[in-house]
Amino acid sequence: MMSATPKKEYPQVLLANRHPDRIATLEEYRSSGGYRALADTLGAGPQDSLKETIAAAVLLGRGGAAFPAGVKLKTVADDAPFPRFLICNADEMEPGTFKDRVLIHADPHQLIEGMALTAYMASAEKGIIFIRPEYESAARILEREVGIAREAGYLGENILDSGFSFDIDVHRSGGRYICGEVTAQINALMGKRPNPAQPPPYPTEKGLWGLPTVVNNVETLCCVPHILRNGADWFQSLALTESGAGTKLYGVSGRVNRPGCFELPIGIPLSEIIEDYAGGMRDGRRFKACLPGGASTGFLPVEHYHIAMDFDSLKSVGNRLGTAAIMVFDETDCLVAATWNLLEFFARESCGWCTPCREGFPYLRDLLWRIENGQGEPEMIGALRELCRDMSYAYCAFSPGGIAPVESLLDLYEEEIVAHIEGKGCPFRKRS
Amino acid sequence: MLPADLREKLERTIETADHPRELAVDVMMALQEHYGHLSDEAVAEAAQLLDMSEVEIDELATFYTFIYREPVGRYVIHVCDSLICWMDGYEKLRDHLARKLNIAMGGTTDDGLFTLLPVCCVGYCDRSPAMLVNRRVHGNLTPEKVDAILDGLRESARSADETSSG
């Protein structure tokens, strides 16, 4: 499946200052145009026109939910109370996803500028970076660079003599997947058990301590300085598809020769990412399927090998771009076993607040374990389907995300499940 | 009991916070650092410091992966068992560690040096299989690499003990 055309060069925006072994310094970030957007916009014009630019750029949230960042900013009412908060969601825990780690290690000032600009648009005075404890090195980098930015006048009181004040704290989580969910994250920051809350009210109205709170993903915030500096049209022109906008950090892992994080246009064909950037399939094997956007997306089968990696195109085939963490499987991989592993994750990480999720995931996991290990019965397929249906009534987005791979397994690979049941065991294990 | 200097340091930090309970995780982590795990005594102290009830602290402590309510070894090894690490040899890695340390998942070695625990995706899928030792990541693991890491940890424990006793 190797492509005949040579590897294309695409513009690097978010990873323009990436070095193999070290972070970009403040000086390097500045000489690449960094902090220019902050200097040009702070106090210079109405915040509304800046928000319009973000909205016109169609910057969709990069944390997995794809909510338009411009729309989110506009939901903070002009007369909303103060103080207001900006939270950077660096609690990257979606299996397969490691792009925010790469981004923070590459160019931390890009995130700091993105936060300062977003805070300015929302009139927020306090910023918090909520980071998972496994990213201790990233947390230390951010603490150090926030201090450097403060000394340079980009954070703190009266930033660049604009009259606008904003500062950032780094908050280390105790570590749980659900803390990546916005309302759970806000509870975590308030020292409460991080159960999700069901809006309304939305966090932009009543969030942290009951005050207006904007929560954005690391990559989303990093796009902001570039959009404000170069305009919405420029951002849209980065994408290869009509409906898409911007570049995307694709984290590729699994059965490829060179797993890694690559900044490529929204809308690039999946096959091009795998062959030209991730080094092609390992050991000369064939692409069987992938999870295109983390564990909470469905299996994308081989017939979509050339699909444009865009929010809309994945939606049109019943899937999601999610976090664009592409996890690749070859023809020797058993997708029943892979789904069982994912369910182990969801069963462990369910916060336990609501019954469908707390009870459903262990049940799904045990059914798949039995099918994988030769104890499968034909009626289990119906039981799996019924459970998935019931679990869509769960309280938050965790459960619908977690059942996505199970539903796609049932829809696309039912004959693989049947082969396990009829053969009393895993056909892939026998072959290897 | 909590040493006076640590107690004062935590009290000073809590004073600067708008809402003491926003520091719940930080305080639990600091106490855990001191005691080795979050003991019942530490739960009571955290509650007192943060003006929260013990049950509220315990509710948080038992929720988070990196707060340990039971004694753990000096080095807590969390082995990633999520999809990509699992595809790239998690089970072999786990068995190798269990054999080398002579403990099962969840166990602690008799000398109190190592605890072995599974953990969900740690965000190093580009360097699978991976594990954390006291939250520091080690990736692209092979049995040889694991052996070298364990030897290095034993060595640093030994030299730290010699320094503190000498």
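As the structure is a prediction and not an experimental result, all values here were calculated from the model.

A. Representation of the packing of aromatic side chains in the model. Residues and elements named next belong to chain A. As enumerated under the stated definition, the model contains 20 aromatic pairs over all chains in all. On the basis of an interplanar angle of 80 degrees and a centroid distance of 6.2 Å, the ring pair of Tyr177 and Phe346 is categorised as edge-to-face. One end of the pair, Tyr177, is in the loop between β3 (167–172) and α8 (182–189); the other, Phe346, is in helix α13 (residues 335–349), with 169 residues separating them in the sequence. The exposure class assigned to Tyr177 is buried, which follows from its relative accessible area of 12%. Centroid distance Phe361 to Phe398: 5.6 Å. Interplanar angle 80 degrees. Geometry classified as edge-to-face. Remark: Phe398 occurs in helix α16 (residues 398–412) and Phe361 occurs in helix α14 (residues 355–372); sequence separation between them is 37 residues. Neither residue differs from the other here; Phe361 and Phe398 are each classed as buried. Within the aromatic cluster, the residues linked to one another by ring pairs are Tyr177, Phe345, Phe346, Phe361 and Phe398.

B. Just the layout of surface pockets, in detail. All names here are of chain A. Its volume calculated, the second largest pocket comes out at about 1,400 Å³. Forming the boundary of the second largest pocket are 49 residues, of which Gly63, Gly64, Ala65, Ala66 and Val182 lie nearest the centre. Among the elements that take part in the lining of the second largest pocket, strand β4 (residues 213–217) stands out by supplying five residues, more than any other. Looking at the lining of the second largest pocket residue by residue, the classes come out as 19 nonpolar, 19 polar and eleven charged.

C. A look at the domain arrangement of chain B. Domains assigned within chain B are domain 1 (4–63) and domain 2 (75–165). Taken over C-alpha atoms, the centre of domain 1 of chain B sits 28 Å from the centre of domain 2 of chain B.

D. Region of interest: the interface of chain B and chain A. Each partner contributes to the interface: chain B provides 33 residues, whereas chain A provides 48 residues. For the pair chain B and chain A, the two sides together bury roughly 3,400 Å², of which 57% comes from carbon and sulfur. One can count five salt bridges joining chain B with chain A. A salt bridge links Arg282 of chain A to Asp88 of chain B; the nearest nitrogen and oxygen atoms lie 3.2 Å apart. Taken together, chain B and chain A are joined by 15 residue pairs in polar contact (both at pLDDT 80 or more). Listed by contribution, the elements that provide at least two residues to the side of chain B that touches chain A are α2 (24–35), α4 (54–61), α5 (83–87) and β2 (114–119) of chain B. Taken together, the residues that form the side of chain B that touches chain A break down as 20 nonpolar, four polar and nine charged.

E. A look at the nonpolar core. Residues Leu111, Phe166, Phe361 and Leu364 of chain A together with Ile77 and Leu97 of chain B are the most contacted members of the largest nonpolar core, which totals 185 residues. Tallying contributions element by element places α13 of chain A first for this core, with ten residues. Other than its neighbours up to four places away in sequence, Leu364 of chain A contacts Leu343, Leu384, Leu387, Cys388, Met391, Ile403 and Val406 of chain A. Membership of the second largest hydrophobic core comes to 28 residues, among which are Tyr250, Phe287, Leu300 and Met309 of chain A.

F. Representation of the side chain of Asp330 of chain A. Relative to the elements of secondary structure, Asp330 of chain A occurs in strand β9 (residues 325–330). Filtering out sequence-adjacent residues up to four positions away, Asp330 of chain A remains in contact with Arg255, Met281, Arg285, Arg286 and Lys288 of chain A.

G. Expanded view of empty space enclosed by the protein. Residue and element names in this part refer to chain A. Tallied over the entire structure, the rule returns four cavities of 30 Å³ or more. Size it by volume and the largest cavity reaches roughly 80 Å³. Surrounding the largest cavity, 13 residues form its lining, Cys351, Cys354, Cys357, Cys396 and Phe398 being those nearest its centre. Taken together, the residues of the lining of the largest cavity break down into ten nonpolar, three polar and no charged.

H. Examining the pairing of strand β7 (residues 287–291) of chain A more closely. Residues and elements named next belong to chain A. The element β7 is extensively covered by neighbouring structure, given that five of its five residues are classed as buried. Looking at chain direction, β7 and strand β8 (residues 300–301) are connected through two bridges and run antiparallel. Its bridge partner being in β8, Cys290 is matched across the sheet by Leu300.

I. Molecular detail of the packing of α16 of chain A against helix α17 (residues 414–422) of chain A. All names here are of chain A. Running from N to C, α16 and α17 cross one another at 85 degrees; their axes reach a closest spacing of 5 Å. One element, α16, and the other, α17, form an angle in the roughly perpendicular class. Mapping the contact onto sequence places Leu409, Leu410 and Leu412 in α16 and Glu414, Glu415 and Ile417 in α17. Taken together, the residues of the contact of α16 with α17 break down into four nonpolar, no polar and two charged.

J. Representation of α14 of chain A. Residue and element names in this part refer to chain A. The end-to-end C-alpha distance of α14 is 26 Å, a good match for the 26 Å that 18 residues give at a rise of 1.5 Å each. Within α14 the residues assigned to the buried category are Cys357, Gly360, Phe361, Leu364, Leu367, Leu368, Ile371 and Glu372. Positioned one or two residues after α14, Gly374 has a phi angle of 85 degrees, which is positive.

Calculation rules
Residues numbered from 1 in each chain as written. Chains lettered and ligands numbered in written order. Predicted model: local features only at pLDDT ≥ 70, side-chain atom pairs only at ≥ 80, totals over all residues. Heavy atoms only, no water. Phe/Tyr/Trp six-rings, centres within 6.5 Å; stacked < 30°, edge-to-face > 60°. Helix = DSSP H or I, 4+ residues; strand = E, 2+ residues; numbered from the N terminus. Buried < 20%, exposed > 50% of the residue type's maximum accessible area, 1.4 Å probe, protein only. 1 Å grid on protein atoms, 1.4 Å probe; cavity = no way out; pocket = protein on both sides within 12 Å on 5 of 7 lines; lining within 4 Å. Points joined across faces, edges and corners; volume = space filled by probe spheres on them. Nonpolar A, V, L, I, M, F, W, Y, C, P; charged D, E, K, R; others polar. Domains from an automatic or database assignment. Contact = heavy atoms within 4.5 Å. Buried area = accessible area lost by both parts, 1.4 Å probe. Salt bridge = Lys/Arg side-chain N within 4 Å of Asp/Glu carboxyl O. Polar contact = N/O pair within 3.5 Å; in protein donor to acceptor, adjacent residues only side chain to side chain. Core = buried A, V, L, I, M, F, W, Y, C linked by side-chain atoms within 4.5 Å. Pairing = 2+ DSSP bridges. Axes fitted to C-alpha atoms, helices over the stretch in contact; angles between N-to-C directions. Parallel < 35°, antiparallel > 145°, perpendicular 65-115°, else oblique. Expected span 1.5 Å × (residues − 1).

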